[in-house]
Amino acid sequence: MKFTLGIICSLFSFTLTAGKVPPAAAPSKPKLVVGIVVDQMRYDYIYRYWDKFGNDGFRRLVNEGFFCRNTNYNYVPTYTGPGHTSIYTGTTPAVHGIIANEWFDRKTGKYMYCAEDNAVNGVGTSSGEGKRSPVNNLTTTITDELRISSNMKSKVIGIALKDRSAIMPAGHVANAAYWYDGSIGSFISSTYYMTALPGWVQEFNKKELPKKYMSEPWNTLLPIDQYTESIQDDNKYESLAKGESKSVFPHDLPKLMAANGGLNMIRSTPFGNSLTKDFAIEVIKNENLGKSAATDFLAISFSSPDYIGHAWGPNSVEQEDDYLRLDKDLAELLKFIDTQLGKDNVLVFLTADHAAPEVPSYLMDLKVPAGYVDEGKLNADLKNYLKQMYGDTLVLSMSNQQVFLNHKVIEDKKLMLQQVQEDAAAFIQKMDGVSEVITATTMNNAAFVEGSRYLMQKGYNAKRSGDVLINYLPAWVDYQKTGTTHGSPYSYDTHVPLIFYGWNIKQGSSAEQVYITDVAATLAMMLNIQFPNGCTGKPIPFLVK
Ligand SMILES: [Zn+2]
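Residues numbered from 1 in each chain as written. Predicted model: local features only at pLDDT ≥ 70, side-chain atom pairs only at ≥ 80, totals over all residues.

Moving on to the nonpolar core. Among the nonpolar cores identified, the biggest contains 142 residues, and Leu-298 and Ile-499 are the most heavily contacted of them. Per-element accounting of this core gives the leading share, 9 residues, to helix α13 (residues 317-341). Split by domain, this core shows at least three residues from each of two domains, domain 1 (32-364 + 494-527) and domain 2 (374-431 + 434-472). (Core = buried A, V, L, I, M, F, W, Y, C linked by C-beta atoms within 7 Å. Buried ≥ 20, exposed ≤ 12 C-beta atoms within 10 Å, placed from the backbone. Helix = DSSP H or I, 4+ residues; strand = E, 2+ residues; numbered from the N terminus. Domains from an automatic or database assignment.)

Right, dumping it as structure tokens:
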């Protein structure tokens with residue numbers, strides 16, 4: 001017996017010394033991965049603003065990196081919470097459970113915010129803004145897998161103005177997530193991660209950069225007549241800040257601040273991006289990211305373009321100016337990474353959590369089919385209809401284009417749930433602006449393979465979603481007539497940029513269709529680590545050979 005084992009052992013060592021190394025045994029790896037999400041960025045902004053961009057921001061990413069020009073979200077709703085979660089988990093709300101930013105929770109009868117966690121408290125704040133964690137995400141993230149694969153030696157930190165955009169990317173076992181509390185003008189965290197803010201975060205907050213950024217009017221970076229990619233500054237498709245009579249430059253921030261949320265107002269200006277960039281640089285410096293043997297990960301999300309899109313829309317001078325300034329912020333960040341760690345040691349990717357349509361009222365004036373749905377009225381009409389039919393109020397909530405029926409009353413009255421769902425669906429189907437309506441029973445029993453029904457199914461979570469799911473016609477939204485919103489399965493909401501740059505990335509581009517769920521799968525292959533545990537995406541073949 002001993003003899004046999006000895007032979008096997010010597011054979012084994014012979015094989016190893018002969019240099020037969022498995023192909024994945026000695027890969028080089030990046031010192032740092034920097035994930036950049038731009039909140040509400042359409043892929044066409046790259047081209048639209050190209051001539052105005054400098055050489056060192058978006059253009060540098062495209063000219064030196066790999067641009068997946070046809071990257072799409074593969075579920076609805078295309079919102080911020082689900083978007084960030086899907087990028088980092090490699091799967092859709094059907095699996096990770098973040099079905100919206102906020103949803104009706106059957107168990108409690110209340111609304112659940114996607115990053116809400118009442119078991120934790122704020123750190124660096126006494127406001128409710130700190131009661132946040134990733135517990136509602138049911139799966140691991142690529143950042144979780146990186147930490148676990150390195151026995152927690154890899155550092156993972158998420159940052160953004162929006163809490164959900166810092167928390168969801170950083171995952172469950174992150175070292176930290178930091179987000180902005182506008183009531184005090186500071187970056188904060190929660191007891192989920194730590195008991196006190198690190199000294200360097202406290203020092204950063206003491207600099208009161210939000211106040212400095214807001215101490216001057218927001219004027220255009222270039223002379224305003226050069227903003228030829230946008231419609232005229234003075235138009236009726238833009239929201240007014242409180243205290244403004246026209247939505248035009250310059251926006252007098254020092255004067256407008258008090259009536260518009262104080263230091264929270266920085267969110268709706270390009271300076272929200274600059275503040276995030278300043279903080280990102282401090283994170284890399286003070287946490288020594290990329291300086292140990294393990295690969296670290298910094299997840300950054302730039303939230304301001306979304307606030308600006310919601311207020312002024314994609315065709316506004318405001319959004320163009322925001323992107324020109326974001327371009328400069330990106331350039332500064334990339335330059336800092338270069339000098340700190342070297343481009344070849346850092347893997348950067350940039351994408352978006354969703355895109356956005358033109359302002360629907362603007363499209364209507366151009367005679368393009370578009371419109372507005374009043375979901376509140378739809379809800380009231382449906383309630384009345386079902387009450388007349390069944391003699392009881394059967395609707396608990398309508399939110400995120402989903403109807404939640406009262407299962408208890410339906411059971412007590414010995415009604416068939418499927419029948420009530422179908423009656424509700426048939427009623428809603430007749431309403432203006434509605435494209436299609438699907439019941440939860442159908443979702444549970446059939447598998448759609450393409451089109452908007454497929455995207456609705458990928459966003460449907462059997463435990464958390466409603467009884468009836470509604471899709472509107474293209475360019476129809478439930479929103480105010482100024483600014484824009486998003487959430488649909490149409491390409492104006494799903495088509496986002498995706499650029500990989502730096503470590504091991506060869507320059508190029510592709511128009512082949514890939515999906516947002518492929519990002520985490522691709523990162524896992526590049527880093528030779530496990531896929532996130534709910535991952536349904538595939539590594540992008542031209543990036544991973
Ligand atoms: Zn938004």
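Before going further, it helps to spend a moment on the pairing of strand β14 (residues 402-405). Every second residue of β14 is oriented toward a common face, with Gln-402 and Phe-404 on one face and Val-403 and Leu-405 on the other, all of them buried. As paired elements, strand β13 (residues 395-399) and β14 share 4 bridges and run antiparallel to each other. Paired with Met-398 across the two strands is Val-403, which belongs to β14. Pairing of β14 with strand β16 (residues 468-472), which is carried by 2 bridges, proceeds in the antiparallel orientation. Across the sheet, the residue bridging to Gln-402 is Leu-469, located in β16. (Pairing = 2+ DSSP bridges.)

What the domain assignment reports for the protein chain is domain 1 (32-364 + 494-527) and domain 2 (374-431 + 434-472). Its C-alpha centre places domain 1 at a distance of 33 Å from the equivalent point of domain 2. Counting only elements with at least two residues in the side of domain 1 that touches domain 2, the list comes to α5 (93-96) and β4 (102-105). Classifying every residue of the side of domain 1 that touches domain 2 gives 9 nonpolar, 3 polar and 1 charged. (Nonpolar A, V, L, I, M, F, W, Y, C, P; charged D, E, K, R; others polar.)

A few words on the environment of Ser-292. Among the secondary structure elements, Ser-292 is positioned in the loop between α11 (271-286) and β10 (296-302). Separated by 123 residues in sequence, Ser-292 and Leu-415 have C-alpha atoms that sit 62 Å apart.

The next thing to look at is the sheet that holds β16. Taking strand neighbours across the sheet as the criterion, the 4 strands line up as β13-β14-β16-β15 in an open arrangement whose pairing is antiparallel. Each edge of the sheet is formed by a strand with only one pairing partner; in this case those strands are β13 and β15 (434-439). Sheet twist, expressed as the average angle between the axes of neighbouring strands with direction ignored, equals 15°. Across the face of the sheet, helix α15 (residues 375-390) comes into contact with β13 and β14 while running at roughly 155° to β13. Contacting β15 and β16, helix α19 (residues 451-458) crosses the sheet at an angle of about 50° to β15. (Axes fitted to C-alpha atoms, helices over the stretch in contact; angles between N-to-C directions. Contact = placed C-beta atoms within 7 Å.)

To summarise the sheet geometry, strands pair through backbone hydrogen bonds and adopt either a parallel or an antiparallel arrangement. Judged by pairing direction, the sheet is mixed, and its 10 strands sit side by side in the order β6-β9-β8-β7-β10-β1-β11-β19-β2-β20 without closing on themselves. The open sheet has two free edges, formed respectively by β6 (122-123) and β20 (508-510), since each of these has just one partner strand. Packed onto the sheet, α11 meets β7 (156-160), β9 (186-190) and β10 and runs at close to 170° relative to β10.

This next bit is on unusual backbone geometry. Of all residues except glycine, most have a negative phi; of all peptide bonds, most are trans. Look at the link from Val-76 to Pro-77: it is a cis peptide, with omega at 5°. The residue Pro-77 is located in the loop between β3 (71-72) and α4 (80-89) in this model. In this chain, Phe-249 is followed by Pro-250 through a cis amide linkage whose omega measures -5°. By the element assignment, Pro-250 lies in the loop between α9 (209-213) and α10 (253-256). Even without being a glycine, Gln-40 presents a positive backbone phi close to 70°. Along the polypeptide, Gln-40 turns up in the loop between β1 (32-38) and α2 (45-48). On the basis of neighbour count, Gln-40 is assigned to the buried category, with 29 C-beta atoms found within 10 Å.

Our next topic: the packing of α11 against α13. Here α11 crosses α13 at 10°, and the two axes come no closer than 9 Å. When the axis of α11 is compared with that of α13, the two are roughly parallel. In this structure, α11 contributes Asn-273, Ser-274, Lys-277, Ala-280, Ile-281 and Ile-284 to the contact, and α13 contributes Arg-325, Leu-326, Asp-329, Glu-332, Leu-333, Phe-336 and Gln-340. (Parallel < 35°, antiparallel > 145°, perpendicular 65-115°, else oblique.)

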